[in-house]
Amino acid sequence: MKYVTMKTSQIPAIALGTWSWGIGVNGGDRVFGNNYNEEDLRPVYQKAIKEGFTLWDTAAVYGYGASETILGGFIKEEQDIMISTKFTPFDGQEQNMRKSLNESMERLGKQHIDLYWIHNPRNIEKWTKEIIPLAKENKIKHIGVSNHNLDELKLAVSILEKESLALSAVQNHYSLLYRESEEAGIIDWCNNNNIVFFSYMVLEQGTLTGKYNANHPFKSNTRRGEAFNIGTLRKLQYLIDVMGEIGDKYNVGPATTAMAWAIAKGTVPIIGVTKEAQIDDALAAVHLTLERKDIQDLEQAAMETGISVRGAWEKSMKK
């Protein structure tokens, strides 16, 4: 396994995500059309741990606790697992971050959270200040923020610094089809300030794995089925073909190529896993170094598709 330094911790070069674990609101059934349970996922988890993938990303909002509960059931006897989970601010609702954190820790069976995220930039000053006492009480080892633009990141950092705390990580949507965090200077800013940039949706919810196309589309009535409909999949075929050609040089598939690209760009990908073969793809990506021309060809092919899909929860990172 290759590792990345995050402040005082060493983390794997790829984190594994559990958004599609469990069902319910924002769960795997609604977003992906999946219905994976503990029996399905236990061998995936066990293989990942064996291969050195010890950083797991989840959120209280994924299935409203379902994802955390499944993951917590697996990690009970593991001592070296790092947990990344999130508090999601909502508009117009009374929320209690301390209560949410305690509930997450109970579901996960942990006495502290290694990396705790503020999931969006709603009311930055309020929630950044709310996380400070939790960090000082050692309930949180590292603080992260997600879906923030550059100005919002700088505001969060300034609030934390006044309390002698640091921002450890940023997590934004970043893929061959969605590079706004790069274009807005966020990734460079993170690198210059010793902050790890985590890229989520690197595979665009499976779109960039090469397993789906106009003849084999996603399930209808799911979030990804709506975002990547048959017409969009048809437009993306050229990019998938280029990814396949580059992958053939290294004897890997499109998914591994996309992950290796994200690593080459200085990010830590968060990859959703529901099958053992996906662990093999991620392990291959950790050890794959793409040539500069490969990166240029991938980015050119992606640009030529004209496709850029922003999640309904996202706003532009550009000023």
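So, here's what we can say about the structure. Each chain carries its own residue numbering, running from 1 in the direction its sequence is written. Per-residue local features of the predicted model are confined to residues with pLDDT of at least 70, and side-chain atom pairs are confined, for both listing and counting, to 80 or more; whole-chain, interface and lining totals are unaffected and use all residues. Side-chain figures throughout are based on the complete set of non-hydrogen atoms in the structure, without hydrogens or water.

Looking at the overall build of the protein chain
We count it as follows: Each helix corresponds to a stretch of at least 4 residues labelled H or I by DSSP, and each strand to a stretch of at least 2 residues labelled E; elements are numbered beginning at the N terminus. For this measure, only C-alpha atoms enter the radius of gyration; the expected value for a globule follows 2.2 Å times N^0.38, where N is the number of residues. Type-normalised accessible area, obtained with a 1.4 Å probe on protein chains alone, sets the label of each residue: buried when under 20%, exposed when over 50%, and partly exposed for intermediate values. Any two residues having at least one pair of non-hydrogen atoms within 4.5 Å are treated as being in contact. The method behind every accessible area is Shrake-Rupley, applied with a 1.4 Å probe, and residues are considered shielded solely by the protein chains displayed. Within this scheme the basic residues Lys and Arg register as positive and the acidic residues Asp and Glu register as negative, but His and the chain ends are omitted. For this purpose, a charge sits on NZ of Lys, CZ of Arg, CG of Asp or CD of Glu.
Of regular secondary structure, the protein chain possesses 14 helices and ten strands. Its C-alpha radius of gyration of 19 Å places the protein chain within 12% of the 20 Å reference for a compact globule of 319 residues. The C-alpha extent of the protein chain, read off along each of the three principal axes, is 50 × 45 × 40 Å. The buried share of the protein chain, taken over its 319 residues, is 58%. Within the protein chain, contacts between residues separated by at least 24 positions form 79% of all contacts whose residues are at least 6 apart in sequence. Accessible surface computed for the protein chain: about 14200 Å², of which carbon and sulfur atoms make up 45%. Averaging the coordinates of the 36 positive side-chain charges in the protein chain and doing the same for the 40 negative ones gives two points 3 Å apart.

Here we look at the packing of helix 12 (residues 254–264) against helix 13 (residues 276–286)
Helix packing geometry: the angle between the two helix axes and the distance between the axes. Using the following cut-off: Only C-alpha atoms enter the line fits that serve as axes; for helices the fit covers just the stretch in contact. Angles between N-to-C directions range over 0 to 180 degrees. Working definition: roughly parallel below 35 degrees, roughly antiparallel above 145 degrees, roughly perpendicular at 65 to 115 degrees, and oblique for all remaining angles. Less than a right angle of anticlockwise turn of the near helix away from the far helix marks a crossing as left-handed, whereas a clockwise turn marks it as right-handed. We call Asp, Glu, Lys and Arg charged. Ala, Val, Leu, Ile, Met, Phe, Trp, Tyr, Cys and Pro are nonpolar, and the rest, Gly among them, are polar.
The N-to-C vectors of helix 12 and helix 13 enclose an angle of 40°; their axes lie 8 Å apart at closest approach. It follows from the interaxial angle that helix 12 and helix 13 lie oblique. Here the hand of the crossing between helix 12 and helix 13 comes out right-handed. Contacts between helix 12 and helix 13 involve A255, T256, M259, A260 and I263 on the former and, on the latter, D281, A282, A284, A285 and V286. Looking at the contact of helix 12 with helix 13 residue by residue, the class counts come to eight nonpolar, one polar and one charged.

Brief notes about the sheet that holds strand 7 (residues 140–146)
By way of backbone hydrogen bonds, the strands of a sheet pair with one another, either parallel or antiparallel. How we decide: For two strands to pair, DSSP has to find at least two bridges joining them.
On the basis of which strands lie adjacent, the closed barrel formed by eight strands has the order 3-4-5-6-7-8-9-10 and parallel pairing. Strand-to-strand, the axes of this sheet are offset by a mean angle of 30°, without reference to chain direction. Of the strand pairs in this sheet, strand 8 (residues 169–173) and strand 9 (residues 196–200) are connected by five bridges, and their pairing is parallel. The residue of strand 9 that forms the bridge with Q171 is F198. Relative to the sheet, helix 4 (residues 97–108) contacts strand 5 (82–87), strand 6 (113–118) and strand 7, its axis offset from that of strand 6 by approximately 140°.

Some points on the packing of aromatic side chains
In plain terms, the rule: Centres within 6.5 Å make a pair out of two Phe, Tyr or Trp rings, where for Trp the six-membered ring is used; the pair is then stacked when the planes are under 30 degrees apart, edge-to-face when over 60, and tilted otherwise. Geometrically, a charge over a ring is one whose NZ (Lys) or CZ (Arg) sits within 6 Å of the ring centre while staying within 35 degrees of the ring normal.
For the structure on display, the rule yields ten aromatic pairs. Their ring planes at 20° and their centres at 5.6 Å tell us that W19 and Y62 sit as a pair that is stacked. Taken as a pair, W19 in the loop between strand 3 (15–17) and helix 1 (28–31) and Y62 in the loop between strand 4 (55–57) and helix 3 (66–75) lie far apart in primary sequence, 43 residues in all. Classification of W19 by relative accessible area gives buried; the value is 17%. Judged by centre distance (5.3 Å) and plane angle (35°), the rings of Y45 and F74 are tilted. Taken together, the residues Y45 in helix 2 (residues 38–50) and F74 in helix 3 connect sequence positions 29 residues apart. Classification of F74 by relative accessible area gives buried; the value is 10%. Taken together, the aromatic side chains of W21, Y45, W56 and F74 make up a single cluster linked through ring pairs. Between K126 and the ring centre of W127, over which it is positioned, the NZ or CZ distance is 4.6 Å.

Observations concerning the nonpolar core
Counted only if it meets this: Nonpolar cores are built from buried Ala, Val, Leu, Ile, Met, Phe, Trp, Tyr and Cys residues. Side-chain atoms within 4.5 Å join them into one set.
With 85 residues, the main nonpolar core has I14, W56, L167 and V170 as its most contacted residues. Excluding anything up to four places from it in sequence, V170 contacts W117, V145, L153, I186, C190, I195, V196, F197 and F198. Listed in part, the twelve residues of the second largest apolar core include A15, A169, V196 and F198.

Quick word on the pairing of strand 6
Looking down a regular strand, the side chains alternate between one sheet face and the other. Selection criterion: Handedness of a crossover is defined as follows: orient the strands so they point away from the viewer, and if the path from the first strand over the helix to the second runs clockwise, the crossover is right-handed.
Taking burial as the measure, the six residues of strand 6 include six buried ones, the bulk of the element. Here strand 5 pairs with strand 6 via four bridges, running parallel. Its bridge partner being in strand 6, F87 is matched across the sheet by I118. Pairing of strand 6 with strand 7, which is carried by five bridges, proceeds in the parallel orientation. Directly across from W117, in strand 7, lies its bridge partner G144. Of the crossover connections in this fold, the one passing from strand 6 over helix 5 (residues 124–136) to the parallel strand 7 is right-handed.

Structural notes on the packing of helix 11 (residues 237–250) against helix 14 (residues 292–305)
Contact geometry for helix 11 and helix 14: axes closest at 8 Å, N-to-C directions at 165°. By the angle class used here, helix 11 and helix 14 are roughly antiparallel. Remark: the crossing between helix 11 and helix 14 carries left-handed chirality. Within the contact between the two elements, helix 11 uses Y238, L239, V242, M243, I246, K249 and Y250 and helix 14 uses D294, D297, L298, A301, A302, E304 and T305.

Observations regarding helix 5
Short version of the rule: One fewer than the residue count of a helix, multiplied by 1.5 Å, yields its expected span.
Compared with an ideal rise of 1.5 Å per residue, which puts 13 residues at 18 Å, helix 5 spans 19 Å between its outermost C-alpha atoms and is within 8% of the ideal. Looking at helix 5, one finds that the buried residues are I124, W127, T128, I131, I132, L134 and A135. Looking at the buried positions of helix 5, the neighbouring elements they touch are strand 5, helix 4, strand 6, strand 7 and helix 6 (150–161). Two residues or fewer after helix 5 comes N138, characterised by a positive phi angle close to 65°.

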